[in-house]
Amino acid sequence: MKIAMVGSGYVGLVSGACFADFGHDVVCIDKDQGKIDRLHDGVMPIYEPGLDALVESNVKAGRLSFTTSLAEGIKGASAIFIAVGTPSRRGDGHADLSFVYAVAKEVGESLANDAVIVTKSTVPVGTGDEVERIIKGTNTPHKFAVVSNPEFLREGAAIGDFKHPDRIVIGAEDDFGRDVMHEVYRPLFLNESPILFTERRTSELIKYAANAFLATKITFINEMADLCEKVGANVQDVSRGIGMDNRIGSKFLHAGPGYGGSCFPKDTLALLKTAEDYDSPTRIIEAVVKTNESRKRAMGRKVLDALGGAEKARGKKVALLGLTFKPNTDDMRDSPAIAVAQTLTDAGVKVSAYDPEGMELAKPLMPNVTMCDDPYAAIAGADVTTIVTEWDAFRALDLARVKELANTPILVDLRNIYNPQDVRAAGFTYESVGRP
């Protein structure tokens, strides 16, 4: 089957490469000529473990190609996926659907055969209805169906998630759409991956509901961490204790500096706006969004406290280890590190930083932060060393070397990746999140 993937960003490129690996003929389409040129040269626009090798092997096999021409790319495709960005709209928090709707119009005007148009982008309830209306408005003579197929990929583990998914959700309104999508995912049917067929609007809401629930779990355990610090309890043991209950589960119960990334912040906001539009308040999600934003700055104040308070912090130096919102990605979108760094620089603190993959994207977001070539260069002369992102490279730092390089042996571990007793035995003052 031929598949067209409109949008060659994170979702589109990973999905396209994986579909090609299943044996489909895939064309990835993007308006950005520079991006397409780099893909032809084997240069990935994002960092995702294993993606470069997957793309290379399928290009060599002739199953994966790239173009800037939508009309050429969708010709002969049985399934046309829309995988363009839906960022939060400036001013009101609604999902910006202008790219989705522009693609829908161009697809309708360029359609050369019967096809199913699939919204892979994360979109609010009712978007598929509008996409269908737009394509009908182009008066295409060809049969088409509009289907919702949200993605559930974790950055840093996207290829494994795509090939071995927890579930595949497909929202279709007719047999044509369902039959084509069944063929698209036939390789995963053979692997007995759970596939849920629903109505289109239900599928659209499932994506937002899933991300909002996971964001709620993160925010809940962060609030428990704050309570643990007050009462002298250990949040990691609390997480284990409640996570052993199968009704709760252990995932997304790791205390830290708050959630960020490309999905949770914008999706929770978009869900709030949808709920407002339909006069159906979502008070829990409102609290989650507000609490998460305030937490990021609070983590910056936690570092200031380690410096002796904001009054004594001016002129001192802090090393930030990890800048991306999570490890194994270069994604800086809504990373807690941005708010932590801003809180510190606002207080007159000098900040140096190191991240294995994110520094190029971090530079324009952190103009007052000095980027370093390795973690030890960042630590040199620091009054406090702070772990913000739990990259593997930070899990086994040479503590003797850190102590020698730092101005003061103080470690603030916002991800709880070290054993407090071990670090304190090495001569450090150690602060973590929700642990004594």
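First, a word on what this report is: a plain description of the structure on this page. (Residues numbered from 1 in each chain as written. Predicted model: local features only at pLDDT ≥ 70, side-chain atom pairs only at ≥ 80, totals over all residues. Heavy atoms only, no water.)

Here we look at the pairing of strand β7 (residues 168-171)
Residues Ile-168 and Ile-170 line one face of β7 and the alternating positions Val-169 and Gly-171 line the opposite face, and both faces are buried. Taken together, the 4 bridges between β7 and strand β8 (residues 195-198) define a ladder with parallel strand orientation. For Val-169, the partnering residue across the bridge sits in β8 and is Leu-196. (Buried < 20%, exposed > 50% of the residue type's maximum accessible area, 1.4 Å probe, protein only. Helix = DSSP H or I, 4+ residues; strand = E, 2+ residues; numbered from the N terminus. Pairing = 2+ DSSP bridges.)

Comments concerning the pattern of salt bridges
Taken as a whole, this structure holds 28 salt bridges when the rule is applied. Residues Asp-237 and Arg-240 are paired through a salt bridge, measuring 2.7 Å at the closest nitrogen-oxygen approach. Of this pair, Asp-237 and Arg-240 both sit in helix α11 (residues 235-243), 3 residues apart, roughly one helical turn. Among the residues examined, Arg-240 registers a relative accessible area of 49% and is labelled partly exposed. Counted as one network, the salt bridges with shared partners bring together Asp-129, Glu-132, Lys-136, Arg-200 and Arg-201. (Salt bridge = Lys/Arg side-chain N within 4 Å of Asp/Glu carboxyl O.)

Let's talk about the packing of aromatic side chains
Applying the stated criterion across every chain, the model contains 8 aromatic pairs. Judged by centre distance (6.0 Å) and plane angle (35°), the rings of Phe-22 and Phe-162 are tilted. With Phe-22 in the loop between α1 (10-21) and β2 (25-29) and Phe-162 in helix α7 (residues 158-163), the pair connects residues that are 140 residues apart, well separated along the chain. Taking the centre distance of 5.8 Å and the plane angle of 80° together, the rings of Tyr-259 and Phe-264 count as edge-to-face. (Phe/Tyr/Trp six-rings, centres within 6.5 Å; stacked < 30°, edge-to-face > 60°.)

Re empty space enclosed by the protein
Any empty space left between the atoms is revealed when a probe the size of a water molecule rolls over them. Taken as a whole, this structure holds 1 cavity of 30 Å³ or more when the rule is applied. Taken as a whole, the largest cavity spans an internal volume of roughly 40 Å³. Around the largest cavity, the lining residues are Thr-119, Ser-121, Thr-122, Val-123, Ser-148, Asn-149, Pro-150, Ser-203, Glu-204 and Lys-207. Of all the elements, helix α10 (residues 200-231) adds the most residues to the lining of the largest cavity, at 3 residues. For the lining of the largest cavity, the per-class residue count stands at 2 nonpolar, 6 polar and 2 charged. (1 Å grid on protein atoms, 1.4 Å probe; cavity = no way out; pocket = protein on both sides within 12 Å on 5 of 7 lines; lining within 4 Å. Points joined across faces, edges and corners; volume = space filled by probe spheres on them. Nonpolar A, V, L, I, M, F, W, Y, C, P; charged D, E, K, R; others polar.)

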